[in-house]
Every structure is written in structure tokens, then in C-alpha cells.
Amino acid sequence: ALARHVADLAGQVEGTIGVLAPPSLIDLSRDALEGAPGAERVRVVTPLQAKGLEYDAAVVLAPDLIVAEHNGGTRVNGVYAPTSPFVIEKGEQPY
């Protein structure tokens, strides 16, 4: 499912695509994207690693799991939508 989302986004934007995933899904997400159309423009990162970066499109994987794995208490600043326009796709589990 992740490779399909990324391929769709790659057809919509010319630049980079961010895949924000909980730490437990980083390796699985990277494996799922290997060889997928547009994968060369994808950066798979945790929300903390994505802080301050900009993507032309983004996929947020398992937001509930991101919150569950967040170790900063109950306040989670890891997933946000910037005010500049870009495409956001809520992704499914990559497996």
C-alpha cells in the first residue's frame, strides 16, 4: 500500500516526498519502497527527524503508533501540517 501511495504522489509532485513513520516502522517502510516508482525522491524519517524539513508531498504512516511510541509525554509535536500548500496523504500500514 505504501508503494502505491508514493507512486501516486510521485505523479502529482516533482520534488521530494516525505514518509513520516514511527521508529518501529522505519526499516519496514524503506524495504516496502525499494524499487517502487518515485522511491528515489522519498525520504523515510521519524517525525522528530522531519522537524524543520520541507517536502513537496508527505505520507504519515500509523499516526496512532507515532503517538504511542512518542517518549515526550502526552504532548506530541511530531506530526503537523505547515501552512505552505502541499499534498498530504494519510498512509496505510506498509505491509
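Details of the structure are given in the entry above.
Caption draft 1: Looking closely at the overall build of the protein. Along the backbone of the protein there are 4 helices and 4 strands. Relative to its full complement of 95 residues, the protein shows a buried share of 39%. Expressed as a percentage of contacts within the protein between residues at least 6 apart in sequence, the contacts between residues at least 24 apart total 81%. For the protein, the accessible area works out to roughly 5,700 Å², and carbon and sulfur atoms hold 52% of it.

Caption draft 2: The nonpolar core, seen in detail. By size, the foremost hydrophobic cluster in this structure holds 17 residues, and its most contacted members are Leu2, Val6, Ile17, Val19, Leu33 and Val42. Listed by contribution, the elements that provide at least two residues to this core are helix H1 (2-12), strand S1 (17-20), helix H2 (26-33), strand S2 (42-45) and strand S3 (57-60). Look past the residues within four positions of Ile17 in its chain and what remains in contact with it is Val6, Leu9, Ala10, Arg41, Val42, Arg43, Tyr55 and Ala57.

Caption draft 3: Quick peek at the packing of H1 against H2. Contact geometry for H1 and H2: axes closest at 8 Å, N-to-C directions at 65 degrees. In the packing of H1 onto H2, the handedness of the crossing is right-handed. For the pair H1 and H2, contact is made by Leu2, Ala3 and Val6 and by Ser29, Ala32 and Leu33, respectively. Partitioned by chemical class, the residues of the contact of H1 with H2 number 5 nonpolar, 1 polar and no charged.

Caption draft 4: Highlighting H2. The complete set of buried residues in H2 reads Ile26, Ser29 and Leu33. Looking down the long axis of H2, one finds its buried residues gathered within 65 degrees of arc, a one-sided arrangement. With respect to the buried face of H2, the exposed residues turned more than 90 degrees away are Asp27 and Asp31. Among the structural elements, H1, S1 and S2 are those in contact with the buried residues of H2.

Caption draft 5: Main features of the side chain of Arg41. As for its placement among the helices and strands, Arg41 is situated in the loop between H2 and S2. One buried charge, Arg41, has no salt-bridge partner; the nearest side chain with opposite charge is Glu40, at 4.3 Å. Only 2.8 Å separates the side chain of Arg41 from the backbone oxygen of Gly15, close enough to count as a polar contact. When near neighbours in sequence (up to four residues on either side) are disregarded, Arg41 contacts Ala10, Val13, Glu14, Gly15, Thr16 and Ile17.

Caption draft 6: Expanded view of unusual backbone geometry. One non-glycine residue, Ala62, lies in the positive phi region at around 45 degrees. Its location among the elements puts Ala62 in the loop between S3 and helix H4 (63-69). With a relative accessible area of 10%, Ala62 lands in the buried category.

Parameters and conventions
Residues numbered from 1 in each chain as written. Predicted model: local features only at pLDDT ≥ 70, side-chain atom pairs only at ≥ 80, totals over all residues. Heavy atoms only, no water. Helix = DSSP H or I, 4+ residues; strand = E, 2+ residues; numbered from the N terminus. Buried < 20%, exposed > 50% of the residue type's maximum accessible area, 1.4 Å probe, protein only. Contact = heavy atoms within 4.5 Å. Areas by Shrake-Rupley, 256 points an atom, 1.4 Å probe, with all protein chains shown as cover. Core = buried A, V, L, I, M, F, W, Y, C linked by side-chain atoms within 4.5 Å. Axes fitted to C-alpha atoms, helices over the stretch in contact; angles between N-to-C directions. Left-handed = near helix turned anticlockwise from the far one by under 90°. Nonpolar A, V, L, I, M, F, W, Y, C, P; charged D, E, K, R; others polar. Arc of directions from axis to C-beta. Lys, Arg positive; Asp, Glu negative; His and termini not counted. Salt bridge = Lys/Arg side-chain N within 4 Å of Asp/Glu carboxyl O. Polar contact = N/O pair within 3.5 Å; in protein donor to acceptor, adjacent residues only side chain to side chain.

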